[in-house]
Every structure is written in structure tokens, then in C-alpha cells.
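# Inside the fold
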Amino acid sequence: MNFNVAGETVDSVELKCLVISRGLKIDREVYQKCGKDYRIYPNALTCNSFKLPDNTIVMATGLGFHLSTLSSMFSWDNLKLFKYMNDMTTDYRLSLVDGAPTLLYKGEAVTPVELFPASEFFKQKTSSGMPFMGNAVLQGCDWVAFQCLWPCDYAIAGKPCQFCFSGGQFEALAKRHKPMPFRLQAARARKPRSFFRASIHSDCWSLLST
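Residues numbered from 1 in each chain as written. Predicted model: local features only at pLDDT ≥ 70, side-chain atom pairs only at ≥ 80, totals over all residues. Heavy atoms only, no water.

## So, the pattern of salt bridges
A complete count under the given rule lists 5 salt bridges for this structure. Ionic pairing is found between Lys51 and Glu114, a salt bridge with its closest N-O pair at 3.9 Å. Within this pair, whereas Lys51 is found in strand S4 (residues 49-51), its partner Glu114 is found in strand S9 (residues 114-115), the two being separated by 63 residues in sequence. A residue is classified by how much of its surface remains accessible, and Lys51, at 19% relative accessible area, is buried. (Salt bridge = Lys/Arg side-chain N within 4 Å of Asp/Glu carboxyl O. Helix = DSSP H or I, 4+ residues; strand = E, 2+ residues; numbered from the N terminus. Buried < 20%, exposed > 50% of the residue type's maximum accessible area, 1.4 Å probe, protein only.)

## Things to note about the sheet that holds strand S3 (residues 25-26)
The strand order S3-S6-S7-S8 describes an open sheet built from 4 strands, whose pairing is mixed. With one partner strand each, in any of the chains shown, S3 and strand S8 (108-112) form the two edges of the open sheet. Note that strand S6 (residues 92-97) and strand S7 (residues 100-105) share 6 bridges and pair antiparallel. Bridge pairing in S7 links Ser95 to Thr102. Lying over the sheet, helix H1 (residues 12-22) contacts S6, S7 and S8, oriented at roughly 110° with respect to S6. (Pairing = 2+ DSSP bridges. Contact = heavy atoms within 4.5 Å. Axes fitted to C-alpha atoms, helices over the stretch in contact; angles between N-to-C directions.)

## Things to note about the nonpolar core
Leu15, Leu24, Phe50, Tyr92 and Leu94 are the most contacted members of the largest nonpolar core, which totals 24 residues. Taken together, the elements giving at least two residues each to this core come down to strand S1 (2-5), H1, helix H2 (28-34), S6 and S7. Setting aside chain neighbours within four positions, we find Leu15 in contact with Phe3, Val5, Val10, Leu52, Tyr92, Leu103, Val110 and Thr111. The next biggest cluster of nonpolar side chains, apart from the first, holds 9 residues, and it includes Met59, Phe121, Phe122 and Ala145. (Core = buried A, V, L, I, M, F, W, Y, C linked by side-chain atoms within 4.5 Å.)

## Description of the pairing of S7
The side chains of a regular strand alternate between the sheet's two faces. Within S7, 5 of the 6 residues are buried, which leaves it mostly tucked inside the rest of the structure. Hairpin connection between S6 and S7: a loop of 2 residues separates the two successive antiparallel strands, and Asp98 in this loop has a positive phi of roughly 55°. The pairing of S7 with S8 spans 4 bridges and is antiparallel. Looking at S8, one finds that Leu103 is bridged to Thr111.

## Considering the packing of aromatic side chains
Across all of its chains, the model carries 3 aromatic pairs by this definition. Here the aromatic rings of Tyr92 and Tyr105 are separated by 4.8 Å at their centres, their planes lie at 55°, and the arrangement is tilted. With Tyr92 in strand S6 and Tyr105 in strand S7, this pair connects stretches of sequence that are 13 residues apart. Of the two residues examined, Tyr92 and Tyr105, each falls in the buried class. (Phe/Tyr/Trp six-rings, centres within 6.5 Å; stacked < 30°, edge-to-face > 60°.)

## Overview of unusual backbone geometry
Even without a glycine there, the phi angle at Ala6 is positive, about 55°. Among the secondary structure elements, Ala6 is positioned in the loop between S1 and strand S2 (8-11). On the accessibility criterion, Ala6 (59% relative accessible area) is exposed. Here His177, not a glycine, exhibits a phi torsion of approximately 55°, which is positive. Mapped onto the fold, His177 is located in the loop between helix H5 (165-175) and helix H6 (182-189). On the basis of relative accessibility, which here comes to 74%, the residue His177 falls in the exposed class.

Dropping the structure here:
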């Protein structure tokens with residue numbers, strides 16, 4: 001399926017990558033009118049997402065709330081992340097057009113989108129008490145990824161993804177020769193024989209079985 005973005009024709013995968021890599025702003029009205037019945041919440045850690053007309057799933061983290069989340073996590077270890085904040089602007093927006101959620105680019109409608117039903121997923125905790133929120137990523141309605149079950153070796157080696165908050169933490173801890181978070185060490189020690197992990201390649205999510 002193709003879409004028109006500023007006069008350019010892009011397909012579903014290209015549009016997904018553009019929204020994920022450039023980010024988007026979500027109107028407050030969307031949260032207020034859709035948050036009760038659909039999985040679209042102002043907390044950046046709930047991993048909002050929507051579906052394009054051809055069922056392509058797109059992550060939808062509101063940029064404004066992402067910035068507020070980073071600000072609330074201020075510490076010397078995370079200070080270096082703030083140098084990117086001035087660059088975090090976007091022309092993509094999720095708004096209500098005639099009452100329907102719609103993806104816009106520079107104020108022009110690109111496509112109507114479908115939100116997912118409301119879920120209690122992020123209110124859950126594991127048997128050990130670890131909250132799902134901040135540790136699990138819910139992709140659409142069918143895929144769950146736990147992206148930080150153990151520290152990222154790329155980040156520890158000084159090459160974290162620029163958009164990964166956890167990677168920045170791992171890099172900072174490694175440079176100061178500090179131990180990794182306890183729960184991650186424990187998870188690594190209990191690493192199962194077969195597991196799924198989430199990775200990002202060229203701004204697209206994929207699930208890898210190893």
C-alpha cells in the first residue's frame with residue numbers, strides 16, 4: 001500500500017520507518033478521547049502503537065512526553081542524552097480528523113490509522129515483582145519483547161544506539177567500571193536455552209530467535 005508524504009510516494013514499510021525514526025507528536029485530544037477505550041496513553045513507557053490500513057504496526061511514542069520522561073530521569077549518568085533534545089522535532093502528528101485517528105505530515109492528512117483496544121498489560125508485574133512497564137514492549141496485540149534482559153554488549157563497548165536510553169546507561173556504567181543493574185545480571189545468569197529478543201535494524205523492529 002502506498003501513501004503520499006509531501007508529494008513523495010512511500011509504501012507502508014517506508015512510512016513506518018519514517019515515523020519511528022523521525023518521531024511524532026500526539027495531540028492531547030487523542031489521549032483524552034481515545035485513552036479510555038484504546039491503548040493510547042500519555043506515559044512514554046507504555047509503547048503506544050497504531051495500525052496502518054494494510055495492518056502494518058507502527059510504534060507511536062509521543063515526542064513531547066518522551067522529552068518529559070527524559071527530563072524526569074535527570075542524573076549525571078544521563079546528562080549526555082540531553083544534547084539531543086534540541087534536535088528532537090518532527091513534522092508527523094497523530095490527530096483526530098472528523099473524530100477518527102489520523103496521521104498527518106506538516107498538517108496534511110497522510111492516512112487514517114487504527115488504534116488497538118485498551119489493555120491492562122502494563123499494570124502487571126512478574127512473579128519476582130518486576131513491573132512490565134519500562135521492561136517490556138508490546139507490539140500491536142500479538143508480540144511481546146523484553147529488550148533489556150541483560151546488558152547490551154554494543155553499549156558496553158561504547159557503541160550504543162543514539163536513541164536507546166538503556167544503552168546510554170550501560171555505556172556510562174561501563175566507562176566508570178560500575179556493575180550492571182542487579183536484575184539484569186540475574187536475568188543473564190538465568191538465560192534460557194531458547195529465547196526471543198528484540199532488535200532494531202534501520203529503525204525497523206524484528207524478533208530474532210537464538
